[in-house]
Amino acid sequence: MSRKPIIAGNWKMNLLQEEGKELFNGIKTFAKNFSESQLPTIVVAPTFLSIPAVASCKHNCGCGCEKVAIAAQNCHWKSSGAYTGEVSVEMVKDAGCEYVIIGHSERRQYFSETDEMINLKAKAILAGGLIPIICCGETLEQREAGITDEHISSQIKAALDGISSEDVAKSVIAYEPIWAIGTGKTCDADEANRVIGMIRNVVKEVSGSEAAASIRILYGGSVKPSTIEEQMSKSDIDGALVGGASLAAESFNEIISNTMKVSV
Ligand code: PEP
């Protein structure tokens, strides 16, 4: 089965509204030159406050905006109520999002997000008609202790618990070794492909072979224009979740065009 690649940019806590709009403009202007079938699925994840600024152009005006989907970087699993500082699935959908990133290692580390919360979020996102991008990954200590596969397999099993095979098939997983995020050290492409193949086997075990064949599994961790071709040439890597290199249109667009050379 051929899976359409995804190149997703995680802007994290960067860029004011005008800066976000400018970056979005640079990406959509590039994307406009290509047909949907030539392009990977392109996703950008601005801050909550910049989502409306970026989404204000999303009305099929033909400027390329329809070729760039928007993700939220987080959401709450409850639909409304007394959860100060939180944003629901319906709210991010209303603002123009189609995807939500969940379980990023920074949220797990700095905001104590647990596997259980990630599972609740994944269920709420799918119930709301959006697509979760579920992040997983090991620390350097876990890698050195030889427990990478065990750790990631338990993160994935917990995240997908109780989700139907049909919903799992639509979801996206991002394998992001924590030691490779923002460090400039990329995971060796063969090793990233091995771990992603292992994740696909876990999906097969819990959700069946159709879901395993359909789910898109990305690599994240210091992806750059110079690394993406080798990463995309591997059998199980379906795209990239990009942090630092997604903050400039030039490098993000180069990642997209290098992806198109190998695998769209
Ligand atoms: C990320 O935060 O998801 C990420 C992969 O960041 P970077 O590309 O900067 O390593």
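Remember, predicted model here, so these are calculated numbers, not experimental data. (Residues numbered from 1 in each chain as written. Predicted model: local features only at pLDDT ≥ 70, side-chain atom pairs only at ≥ 80, totals over all residues. Heavy atoms only, no water.)

## Quick word on the nonpolar core
One finds Ile-156, Ile-199, Val-203, Tyr-219 and Ile-256 to be the most contacted residues of the largest nonpolar core, which totals 68 residues. With seven residues, the top contributor of residues to this core is helix 9 (residues 189-207). Excluding its chain neighbours within four sequence positions, the residues that come into contact with Ile-199 are Cys-136, Ile-152, Ile-156, Ile-173, Tyr-175 and Ile-217. With 15 residues, the next largest nonpolar core counts Ile-6, Ile-101, Ile-131 and Leu-241 among its residues. (Core = buried A, V, L, I, M, F, W, Y, C linked by side-chain atoms within 4.5 Å. Buried < 20%, exposed > 50% of the residue type's maximum accessible area, 1.4 Å probe, protein only. Helix = DSSP H or I, 4+ residues; strand = E, 2+ residues; numbered from the N terminus. Contact = heavy atoms within 4.5 Å.)

## Focus: unusual backbone geometry
Not every positive phi belongs to a glycine, and Lys-12 is a case in point at roughly 50°. Residue position: Lys-12 is located in the loop between strand 1 (6-10) and helix 1 (17-31). When its relative accessible area of 22% is taken as the criterion, Lys-12 is described as partly exposed. Positive phi is not limited to glycine here, since Ser-222 has a value of about 55°. Mapped onto the elements, Ser-222 comes out in the loop between strand 7 (216-220) and helix 11 (225-232). Looking at Ser-222, the relative accessible area reads 15%, which means it is buried.

## Considering the site of the ligand
The local shell around the ligand holds 14 residues, among which Lys-12, Glu-176, Gly-182, Ser-222 and Gly-243 are the closest. Glu-176 is positioned such that a nitrogen or oxygen atom in its side chain is 2.7 Å from an oxygen atom of the ligand. In isolation the ligand exposes 300 Å². Once the protein is present, 95% of that is buried. Looking at side-chain class alone, the shell around the ligand contains four nonpolar, eight polar and two charged residues. (Near = heavy atom within 4 Å. Polar contact = N/O pair within 3.5 Å; in protein donor to acceptor, adjacent residues only side chain to side chain. Areas by Shrake-Rupley, 256 points an atom, 1.4 Å probe, with all protein chains shown as cover. Nonpolar A, V, L, I, M, F, W, Y, C, P; charged D, E, K, R; others polar.)

## Looking at the sheet that holds strand 8 (residues 239-242)
With parallel pairing, the eight strands of this closed barrel are ordered in space as 1-2-3-4-5-6-7-8. Looking at each pair of strands side by side, their axes are set apart by 25° on average, direction ignored. In this sheet, strand 2 (residues 41-45) lies alongside strand 1 in parallel orientation, the contact comprising five bridges. Bridge pairing in strand 2 places Ile-7 opposite Ile-42. Lying over the sheet, helix 12 (residues 249-263) contacts strand 1, strand 2 and strand 8, oriented at roughly 165° with respect to strand 1. (Pairing = 2+ DSSP bridges. Axes fitted to C-alpha atoms, helices over the stretch in contact; angles between N-to-C directions.)

These figures come from the coordinates and say nothing about function on their own.
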